[in-house]
Amino acid sequence: MQRREFFKKAALTAGAVGLGITTSEAGETHQPIDNRKVSKHTFPEKRPLITYSDRPPLLETPRDVFTSVLTPNDQFFVRWHMPDIPTHIDPDTYTVKINGLVDQELNISLNDLKTKFEQVEVTAVLQCGGNSRSAFTPIAGGIQWGNGAMGCATWKGVRLSDILAKAGLKKDAEWIGFNGSEKVAYYETPNFIRELEISELDDHVILAYEMNGEDLPYLNGYPLRLVIPGNYSDSWVKMLSNITVTNKYRSLFFMDVAYRVPDNDCECEDPEKRVKKTKPITKMNVKSIIGYPTTGTELNNKSHVVVRGLAWDDGHGIQDVMISTDNGKTWDKALLDDGKLGRYAYRAFRFAYKPNTYGEVTIMSKAINKLGDEQPLAKDIKWNHGGYKFNGVDEVKVKIV
Amino acid sequence: MKKLILVALLALTPLAAQVDEKVEVPYVDFPIKMGKEFATVQGQCLMCHSFGYIINQGPQSRKHWKHVIKKMVVAFKAPISDKDAKIVEDYLVEHYGNGK
């Protein structure tokens, strides 16, 4: 392909959604839309990011950020559900309330959280269940995210179990509801509440007030958010205001309708014949992303390139990342970092690549976890109506000159 | 004494937010396609969300848009009349449809 054509194609792909065209064949899952440009608008405490909406704010992290394990706070993606988010919170008066089936109702201030409980840290990936949704055909309902609706941070806070122990759970306590402070436009609109079964919560679940050594940015849930390592971000409630313990599951829109996939082995369905029985998306599947080079990058033939990227799963741990530069005919192992930030963090990988040809080359990355689960090729991933959980082998197209 | 107060204040500073005043979320002028009945679309959709939400869904079928509007009314309790719901549906199909 001529150089000009190559960039023309790359530009077209980037603008596909905006222009209202699709570049793929109907029915086959493909690579998500890539290389979208960051917006000229800057949101509070953020650098310019790919912007899908201002109300509520929906911001995506560009691909080239994904070469280091920790995602900078000011480049960390943003996703809210409701139009009004508090734009000022007084840390001196803010409290989180614990009520319901507890021996003692609590109103814990930020200062108490920071001084009266054991302080713990966990490094964990936060990924939207709809990350990479633009891979699906027909176009699945929802924001057509590229690959950047995710990030990884070191979260500092207090164990949820310590707080519940302090409040004292009553014998029949079974469910815990988490309510954030974002506000709805109409009185009757359901609040963004998530419910989790007590049995699925472990000591890794924390209420975090700090992210990478700083206060949480407003748009990432200042001053306090739930952190559930290994799970998709829909349950990581932001601006946490209330924790309610119940003995009965409450029927809620964001539990019963949103963030669900077909309850079958492939978690897939026919667009014309939707599966009725669904289940929550919960645990993340194994996935990887190439942060460098990005699509459209020109590399010199015979030069020494280091391909860099990240791999993760739900905490079982990454076994290997394999790289292919010949369209998947042969695969070689990438080098993994020491993984010292724990099993819920990104694992950084690097791979020495010396191009020996001219023209367009596709670099692919495939992660395999310790269970032996590996990323499928995008084309082998079947459709689901919400476009959730895409984890196809990642691809970037570079030009060797 | 003054010194003591200063020390006390400093000890408290980690509690203050990085941005110790109201934050400002910018307004983004998403390029929605203009057409007949735009005022209804603006009135009904913009109450809760930006046009970015519409544009960034990609082109969709009538069935999809109908379902989305139903979700806004049933799940999110947006007070949209049947008449306006149909107007919005037709608008979305005309400007953001996929021909199905």
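None of these values were measured; they are calculated from a predicted model. (Residues numbered from 1 in each chain as written. Chains lettered and ligands numbered in written order. Predicted model: local features only at pLDDT ≥ 70, side-chain atom pairs only at ≥ 80, totals over all residues. Heavy atoms only, no water.)

Overview of the overall build of chain A
Consideration 1: Within chain A, the regular secondary structure consists of five helices and 24 strands.
Consideration 2: Looking at chain A as a whole, 60% of its 401 residues are labelled buried.
Consideration 3: Look at the contacts in chain A between residues 6 or more apart in sequence, and 71% of them connect residues 24 or more apart.
Consideration 4: Entry remark: accessible area of chain A is about 16600 Å², with carbon and sulfur atoms responsible for 48%. (Helix = DSSP H or I, 4+ residues; strand = E, 2+ residues; numbered from the N terminus. Buried < 20%, exposed > 50% of the residue type's maximum accessible area, 1.4 Å probe, protein only. Contact = heavy atoms within 4.5 Å. Areas by Shrake-Rupley, 256 points an atom, 1.4 Å probe, with all protein chains shown as cover.)

Focus on the pattern of salt bridges
Residues and elements named next belong to chain B.
Consideration 1: Applying the stated criterion to the full structure yields 21 salt bridges over all chains.
Consideration 2: With its nearest N and O atoms 2.9 Å apart, the salt bridge here joins Arg 62 to Asp 90. Of the two residues, Arg 62 is situated in helix H4 (residues 62–74) and Asp 90 in helix H5 (residues 82–96); the sequence distance between them amounts to 28 residues.
Consideration 3: For Arg 62, a relative accessible area of 32% gives the class partly exposed.
Consideration 4: Asp 90 sits in the partly exposed class, given a relative accessible area of 30%.
Consideration 5: Two residues, Asp 90 and Lys 86, come together in a salt bridge whose shortest N-O distance is 3.0 Å. Of the two residues, Asp 90 and Lys 86 both sit in helix H5, four residues apart, roughly one turn of that helix. (Salt bridge = Lys/Arg side-chain N within 4 Å of Asp/Glu carboxyl O.)

Some words on the nonpolar core
Consideration 1: Membership of the largest hydrophobic core comes to 87 residues, with the highest contact counts inside it found for Trp155(A), Phe178(A) and Ile243(A).
Consideration 2: If one sorts the elements of this core by residue count, H5(B) sits on top with six residues.
Consideration 3: Counting 19 residues, the second largest nonpolar core, distinct from the first, contains Leu299(A), Ala334(A), Phe349(A) and Val361(A). (Core = buried A, V, L, I, M, F, W, Y, C linked by side-chain atoms within 4.5 Å.)

Considering the environment of Pro138(A)
Consideration 1: In this fold, Pro138(A) is placed in the loop between strand E6 (120–127) and strand E7 (150–159).
Consideration 2: For Pro138(A) and Trp383(A), which are 245 residues apart along the polypeptide, the C-alpha to C-alpha distance reads 8.1 Å.

Section: the interface of chain A and chain B
Frequently, the measure chosen for interface size is the accessible area that the parts lose on association.
Consideration 1: Chain A puts 45 residues into the contact, and the matching count from chain B is 37 residues.
Consideration 2: Buried area between chain A and chain B, both sides added, is near 3600 Å², and the carbon and sulfur share of it is 59%.
Consideration 3: At the junction of chain A and chain B, the tally comes to zero salt bridges.
Consideration 4: The tally of links from chain A across to chain B stands at 13 residue pairs in polar contact (both at pLDDT 80 or more).
Consideration 5: Elements that contribute at least two residues to the side of chain A that touches chain B include exactly strand E1 (50–54), strand E2 (57–60), helix H3 (110–115), strand E11 (214–215) and helix H5 (253–256) of chain A.
Consideration 6: Among the elements that take part in the side of chain A that touches chain B, E1(A) stands out by supplying four residues, more than any other.
Consideration 7: Looking at side-chain class alone, the side of chain A that touches chain B contains 23 nonpolar, twelve polar and ten charged residues. (Buried area = accessible area lost by both parts, 1.4 Å probe. Polar contact = N/O pair within 3.5 Å; in protein donor to acceptor, adjacent residues only side chain to side chain. Nonpolar A, V, L, I, M, F, W, Y, C, P; charged D, E, K, R; others polar.)

Remarks on the packing of aromatic side chains
Residue and element names in this part refer to chain A.
Consideration 1: Applying the stated criterion to the full structure yields twelve aromatic pairs over all chains.
Consideration 2: Here Phe 136 and Phe 390 contribute two aromatic rings whose centre-to-centre distance is 6.2 Å and whose plane-to-plane angle is 85°, an arrangement assigned as edge-to-face. Of this pair, Phe 136 sits in the loop between E6 and E7 while Phe 390 sits in the loop between strand E23 (359–369) and strand E24 (394–400), and the two are 254 residues apart along the sequence. The burial state of Phe 136 is the same as that of Phe 390; both residues are buried.
Consideration 3: Chaining the aromatic ring pairs together yields one cluster made of Tyr 52, Phe 76, Phe 77, Trp 145, Trp 155 and Trp 236.
Consideration 4: For the cation-ring pair, Lys 238 lies above Trp 80, with the distance from its terminal atom to the ring centre recorded as 4.6 Å. (Phe/Tyr/Trp six-rings, centres within 6.5 Å; stacked < 30°, edge-to-face > 60°. Lys NZ or Arg CZ within 6 Å of the ring centre and 35° of its normal.)

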